[in-house]
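Coordinates in review
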Amino acid sequence: MTYTARDEWEQHYGEGKGWRQLGERERQLLAEHAPVPEGGGRALDVGCGTGELAAHLARVGYRVDAVDLTDSAIARAREEYAAVEGVRWLRLDIERDDPAPLHEEGYDLITMRLVYPFLRDRGRTVHGLGERLRDGGALVVITPVVEHTPAERREIALDEDELTLLGAGWKTVERLDADGLAFLVLRGPCHLDTRAVEKRPTTGHALTGALAVVTDAAGRVLLGRSRHGMLELPGGKTTGPEGFAAAAVRELAEETGLVADPADAYVMTMLVDDSHGVPRLTAVVRITAWTGTLANPEPDTFDRWEFFDLHALACVGDVFVPAALAIDAVWPGTLRGLPPAISYPVAADQPPVPGEPAEAARLRTAMAQVVIDGGWAPSARVQEALRTVPRHRFAPEVNLAAAYDGGDRAVITRRDEAGTAISSVSAAWLQADMIEHLGLEPGAVVFEAGSGGYNAELIAHVTGPGGRVVTVDIDPWVVRRARRFLTEAGSGRVTAVEADAALGAPAHLVPRGGFDAAMITYNCWDIAPAWREQLAEGGRLVLPLEMGGYTRAVTFERRGEALHARHFTYCGFVRDQGQQARTVPVLSLLDGGLTLRFEHGTAADAAGLEEALRGRRHEVATGVTMGANAYFASLQLYAATTLSGFCRLAAHQEPDEAVTAIVKDHHAPALIGDASLAYLLHVKTKDGDSPQDKEWEWTVHAFGEQGPALAERLAATVRAWDRHVRADDNDEHADPVLTAHPAGTPDDALPAGDVLDKEHCRLVFRWPGHDVPPPRPGEHSGAGTVREGV
């Protein structure tokens, strides 16, 4: 007897039926191999039935979450064990329901007694339970085995192959006997690194086939555990004049029992590789709708079929090479280390494919609320976009909790050979903040530089059915990934283009009069001319702009040839890779113990600095103090944009081993002169038991003959910042009046302020209380200005 539907289980328990009682040998093994941790432990009993095992675990000292998919079982358990304390009885389908009721901090013990053979997606479920184990915890599976089960009941028992597969990927597997039941204790990571593997060599001269990529209502992909000991997609060879889409539909039905209409089968790409030297052509067919009940009509070929979470595909063990390549074609980035293959995308007009677990909707709502409560998304349309656009479908390689982290967490999706992040899904609050400051109206046409898919889809949702987004990225992999995810889960209103985003959008995609708004999603040292030129008059450009090494998301508004800053947000992004990519000039000092970074682009003469650093240190206390959690990033930007000779000093040694007091791997604002250097840091002047009792004072350290004068300049800058820029409320620090002008704009055409010259633009800053007279006609900017080299 094998039940497959909830109502069958409801009837079973409603009629008073049960299962084999918990035996004394099982109790002994639990006590020996899963004792209660000192101080108590927490256990999860999956498929608790009428509650006998859960009650036992509570009596020996565990706090127990006992879950079952049926109301009738939970009702019986509550009634029979009403006197037992320490048990939460939860009606929950561990395979399908949102796991929100489960304990967030995990479990010391998870038990599955007489449950495992009834699971549909066994691998996914066990993997998910393993993720909930605390360090040192154990998953105990108690199950009938074929050799001790009558023939008429063997569908509820496991054979040796299934028992071996159950233990795959765990660090330790102990198998014991409990009066004919297999008693398995699984510990350690439940991961098995994914490998793309081949079958035995073929005898053909060439291979052609079609693979069906099918997802369920939760967005999970269907894979079969084949008799070759690997996971495979449904599929096979074409027959006669049969097309690839038809072949995929036929193979899906023959191998899994699922039925699809050929009209819902889309050949999305053709893969070319080889198998043991034999050419192989594989059509990847995306099935967007299907009916039927999952089965295993070909037991001689497959052990079973089940649906897998995309984020878990990196640790499922061996996957057949064509299947691995096909998964990567649909969801780039979910699998790594694949063998080479050539992909020929087919221009198929595939519709979006729905599907997500209930947990995703809950976590998305929670993430949106965190962003809203933080004040980052005040408008109704941005709030609705956060609640609606499925962020996890644009980051399928991470679990739902990571995808919907509402804090300051980005999802890294691509790294270079050195391990540096070069593409990511940015923190949700920052995306919301930047979109808010675009000032979008319904129907707006928006340019985005730097593609990931999710941010563009958020913008498309805000602009509504009449809007459109053009997103451009220089990395072919990033564009391919964005296109796929936008096809899978997008609105159809985003166009992804492979090009250098610093050149703007292709001319045929630029609306007459320019884009209504533009957003840049990577760190920019400069403002590309195309971004201003393709922007409509009055349109807004939001970009993370580097100024002296400090990045702010600056909202500019176009007025003629100038861009006027309207808002600043503290932030950080991955760096640009196109024409604007640049390397910061650096100077190593004291055998690598210190590094000077010339963020403005031109290295100063550092002759004699090493000798000066070995000499006497001069110190100046500024008298400016701050407490815990004080915001001082405005001081960094103020110094970087008002002081000539500005640079940053980074330390690579602990303070007690070095000549500076800078914390290892941190940097400090600095000024450089002739064989002289001054830098700024904060020194603790008050200590206490709580953060509120502690205090720091800004102090300048200096070396060299000009050190005292440099220190006084830096100290004066701190005091001016304290008087004119700083506010008691961290959110109320004053911003500068900032304008950006095309490179080549004459000095006398610029407004008064400190000037930072870049390759393509001239930035003019005017800070409160810092008066810089405007240049006279024909006169270069005075000594109070800062120039960035090219």
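Examining the packing of aromatic side chains
With the rule as written, the count across this model stands at 15 aromatic pairs. Between the aromatic rings of phenylalanine 632 and tryptophan 698, the centroid separation amounts to 5.2 Å while the plane-to-plane angle is 75°, which identifies the pairing as edge-to-face. In this pair, phenylalanine 632 is assigned in the loop between β29 (618–627) and α17 (633–642) and tryptophan 698 in strand β33 (residues 695–703), connecting sequence segments 66 residues apart. The exposure class assigned to phenylalanine 632 is partly exposed, which follows from its relative accessible area of 24%. Through pairs of rings, three or more aromatic residues link up here, namely Trp9, Tyr13, Trp19 and Phe118. The lysine or arginine in question, lysine 199, covers the ring of phenylalanine 320, its NZ or CZ lying 4.4 Å from the ring centre. Lying across the ring of tyrosine 550, arginine 648 places its NZ or CZ 4.9 Å from the centre.

Comments concerning the packing of helix α9 (residues 358–373) against helix α10 (residues 380–388)
Contact geometry for α9 and α10: axes closest at 8 Å, N-to-C directions at 150°. In this view, α9 runs roughly antiparallel relative to α10, as classed from their interaxial angle. α9 and α10 meet at a crossing whose hand is right-handed. For the pair formed by α9 and α10, the contact residues are Arg364, Met367, Ala368, Gln369, Val371 and Ile372 on the first element and Gln383, Leu386, Arg387 and Thr388 on the second. Classifying every residue of the contact of α9 with α10 by side-chain character gives five nonpolar, three polar and two charged.

Quick notes on a negative patch on the surface
Side chains of Asp728, Asp729, Asp731 and Glu732 sit close together on the surface and give a patch of like negative charge. As for its position among the elements, aspartate 731 is in the loop between α18 (707–724) and β34 (737–742). Judged by relative accessible area, which is 69%, aspartate 731 ranks as exposed.

Describing the pairing of strand β24 (residues 535–547)
For β24, the buried fraction is high: 10 of the 13 residues fall into the buried class. Bridging between strand β23 (residues 515–520) and β24 involves four bridges; their strand directions are parallel. Across the sheet, alanine 518 pairs through a bridge with leucine 541, a residue of β24. As defined by bridge partners, β24 adjoins strand β25 (residues 550–559) across eight bridges and the pair is classed as antiparallel. When the sheet's bridge partners are listed, glutamate 546 is paired in β25 with threonine 551. With antiparallel pairing between neighbouring strands as the criterion, β24 and β25 make up a hairpin whose turn holds two residues, including glycine 548 at a positive phi of roughly 65°.

Quick notes on the rules
Sequence order sets the numbering: in each chain, residues are counted from 1 along the sequence as written. Confidence filtering applies because this is a predicted model: local features only for residues at pLDDT of at least 70, side-chain atom pairs given and counted only at 80 or more, and all residues used for totals across whole chains, interfaces and linings. Each side-chain value is worked out from all heavy atoms of the structure, with water and hydrogens disregarded. Here the aromatic set is Phe, Tyr and Trp, taking the six-membered ring for Trp, and pairing holds for ring centres within 6.5 Å; pairs whose planes are under 30 degrees apart are stacked, those over 60 apart are edge-to-face, and all others are tilted. A run of H or I in DSSP counts as a helix once it spans at least four residues, and a run of E counts as a strand once it spans at least two, with each numbered from the N terminus. Exposure is judged per residue with a 1.4 Å probe applied to protein chains only, and the accessible area is read against the type maximum: over 50% gives exposed, under 20% gives buried, and values in between give partly exposed. Here, a charge over a ring means that NZ of Lys or CZ of Arg falls within 6 Å of the ring centre while also lying within 35 degrees of the ring normal. To get an axis, fit a line to the C-alpha atoms, keeping to the stretch in contact for a helix; angles then go from 0 to 180 degrees between the N-to-C directions. For classification, angles of less than 35 degrees are called roughly parallel, those exceeding 145 degrees roughly antiparallel, those between 65 and 115 degrees roughly perpendicular, and all remaining angles oblique. Handedness of a helix crossing follows the sense of rotation of the near helix relative to the far helix, less than a right angle counterclockwise being left-handed and clockwise being right-handed. In what follows, residue pairs with any heavy atoms lying within 4.5 Å of each other are defined as contacts. Here the term charged refers only to Asp, Glu, Lys and Arg, the term nonpolar to Ala, Val, Leu, Ile, Met, Phe, Trp, Tyr, Cys and Pro, and the term polar to all other amino acids, Gly among them. To count toward a patch, a residue needs a relative accessible area above 30% and no salt bridge. Like charges then connect within 9 Å, nonpolar side chains (Val, Leu, Ile, Met, Phe, Trp, Tyr) within 5 Å. Throughout, the Shrake-Rupley method with a 1.4 Å probe supplies accessible areas, and for residues the shown protein chains are the sole cover considered. Any Lys or Arg side-chain nitrogen located within 4 Å of an Asp or Glu carboxyl oxygen qualifies as a salt bridge. This count recognises Lys and Arg as positive and Asp and Glu as negative, with His and chain-terminal groups excluded. Here the site of a charge means NZ on Lys, CZ on Arg, CG on Asp, or CD on Glu. For two strands to count as paired, DSSP must find a minimum of two bridges between them.

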